[in-house]
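Structural overview for review
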Amino acid sequence: HYQAISSQQIPAVAVGKSVVRVIAGEYLGHKGPAVTYTPVNVWDVRVKGGETLELPQPDGWTLLLLVQAGTVQVNDDQPLHQGQLLTLSREGQGLRLEASSDARVLLMGGQPIEEPIVGYGPFVMNTEEEIRQAVSDFNNGKFGQMP
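Per-chain numbering applies: the sequence of each chain, read as written, is numbered from 1 onward. Reporting in this predicted model follows two pLDDT cut-offs: at least 70 for local features of residues, and 80 or more for side-chain atom pairs to be given and counted; totals over whole chains, interfaces and linings ignore these cut-offs and use all residues. The basis for every side-chain value is the complete set of non-hydrogen atoms in the structure, without hydrogens or water.

1. Concerning the environment of Phe143
- If you trace the backbone, Phe143 turns up in the segment after helix H1 (128-139).
- Only protein chains enter the accessibility calculation, which uses a 1.4 Å probe; a residue is then buried when its area is under 20% of its type maximum, exposed when over 50%, and partly exposed in between. A residue is classified by how much of its surface remains accessible, and Phe143, at 49% relative accessible area, is partly exposed.
- Separated by 111 residues in sequence, Phe143 and Gly32 place their C-alpha atoms 28 Å apart.
- Should any heavy atoms of two residues lie within 4.5 Å, those residues are considered in contact. Not counting chain neighbours up to four residues away, the residues in contact with Phe143 comprise Phe123, Ala134, Asp137 and Phe138. We count a stretch as a helix when DSSP gives it H or I for four or more residues in a row; a strand needs E for two or more, and each element gets its number in order from the N terminus.

Here's what the structure looks like:
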């Protein structure tokens, strides 16, 4: 469901000169305001140039990193640049981010729920029948109206 979350509601955890903003989940005891149905972490990570951050994640979780600005090195591997998305292995309990200059990364991690996924356009459901129903509902104005 939609949740209106203002910037002021998001905890900002300082780590050296870097900051981890916790939108959902938890980081170093700070909990994000987003309510989720399954365990997830969504963190807006702002790494200062020259710093390295250790970002713990539960073993077995699916983990994605989107580089929104700058360049980072993840787990001493090759650099990732602005606009690149990385999917990490489910093995292990975290990652290390290093930035040679200021960078901003969106970390999205979650406990796998092993549900089937079917996508069509902007719709993501579990079955083709659910996709057909969502498209029909949309076409018939059942999604509501924007003010």
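2. Considering the layout of surface pockets
- Points on a 1 Å grid, built from protein atoms alone, make a cavity when a 1.4 Å probe fits but cannot get out and make a pocket when they are open with protein on both sides within 12 Å along at least 5 of 7 lines; residues with an atom within 4 Å of a point are the lining residues. Grid points are joined across faces, edges and corners, and a volume is the space filled by probe spheres set on the points. Counted as a void, the largest pocket has a volume near 230 Å³.
- When residues are sorted by character, Ala, Val, Leu, Ile, Met, Phe, Trp, Tyr, Cys and Pro go into the nonpolar class, Asp, Glu, Lys and Arg into the charged class, and all the rest, Gly among them, into the polar class. Here the residues of the lining of the largest pocket sort into 5 nonpolar, 5 polar and 3 charged.
- Counted as a void, the second largest pocket has a volume near 160 Å³.
- Looking at the second largest pocket, the residues that line it are His1 and Tyr37.

3. With respect to the environment of Ala12
- Inspection of the secondary structure assignment puts Ala12 in strand E1 (residues 12-15).
- In this structure, the C-alpha to C-alpha distance between Ala12 and Gln93, residues 81 residues apart in sequence, is 22 Å.
- In contact with Ala12, not counting residues within four places along its chain, are Val19, Val20 and Arg21.

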